[in-house]
Amino acid sequence: MRWPVSFDGVRCLVSPQPVTTRLIAEHRLAVMGPGDRLDDFNTLVRLRTSFGLEQRIPQQRARSVHVPAFLYQVRGDILTHPSDVQAMFDNIPVAENKLQWIEGTTARWDGYLEFQRRPQPMLDWFAPYMS
């Protein structure tokens, strides 16, 4: 982690629908047709942001999370793989973590609506860290 002081005072985090940029870009390009253009896309991302897809690997960055984390994800999300999110979760070196799978849908947007639909699991998880 480059600037750990930036996280002073952060007691926990909730991460809805975490995703690896390369994986979601591969899926979206395949759906749109130019599935063989990932390298071109990566070049554009690097030119625009100075960071290519090879530097955007949340599974590695998860090792720098030192607060309890609650991740939730649509298991059937057609733009990613459950193993991708599971690897992020598994790499967080804190015992007080939770991974919640949202079942019965393939729509990514359902994951973003999960808190509005069923907030209690997140609120219950937050409670001991925020009191």
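The coordinates are above.
An account of the accompanying structure is given in this report. As the structure is a prediction and not an experimental result, all values here were calculated from the model.

1. Some remarks on the nonpolar core
- In terms of nonpolar packing, the biggest core is built from 12 residues, these being A62, V65, V67, A69, L71, V85, M88, F89, I92, V94, L99 and W101.
- By residue number, the principal contributor to this core is helix α4 (residues 82-91), which donates three residues.
- Setting aside anything within four residues of it in sequence, one finds M88 in contact with P18, V19, T20, P58, Q59, A62 and L71.
- Y72, V74, I102 and M122 belong to the second-largest nonpolar core, a separate cluster that totals seven residues.

2. Thoughts on the side chain of Q73
- One can find Q73 in strand β2 (residues 69-74).
- Sequence-distant contacts of Q73, defined by excluding residues within four places in its chain, comprise Q17, P18, T80, V85, Q100, W101, I102 and R108.

3. Considering the packing of aromatic side chains
- According to the stated counting rule, one finds five aromatic pairs in the structure shown.
- Taking 5.9 Å as the distance between ring centres and 75 degrees as the angle between the ring planes, the aromatic pair formed by F70 and Y72 counts as edge-to-face. One exposure class covers both F70 and Y72, and it is buried.
- Taken together through their ring pairs, the aromatic side chains of F70, Y72, W125, F126 and Y129 make up a single cluster.

4. A look at the environment of S15
- Relative to the elements of secondary structure, S15 occurs in strand β1 (residues 13-16).
- On a C-alpha basis, the gap between S15 and Q73 in space is 8.8 Å, while along the polypeptide they are 58 residues apart.
- Those residues within four positions of S15 in sequence are excluded, and the remaining contacts are F70, L71 and Y72.

Reading the values: rules and limits
- Residues numbered from 1 in each chain as written.
- Predicted model: local features only at pLDDT ≥ 70, side-chain atom pairs only at ≥ 80, totals over all residues.
- Heavy atoms only, no water.
- Core = buried A, V, L, I, M, F, W, Y, C linked by side-chain atoms within 4.5 Å.
- Buried < 20%, exposed > 50% of the residue type's maximum accessible area, 1.4 Å probe, protein only.
- Helix = DSSP H or I, 4+ residues; strand = E, 2+ residues; numbered from the N terminus.
- Contact = heavy atoms within 4.5 Å.
- Phe/Tyr/Trp six-rings, centres within 6.5 Å; stacked < 30°, edge-to-face > 60°.

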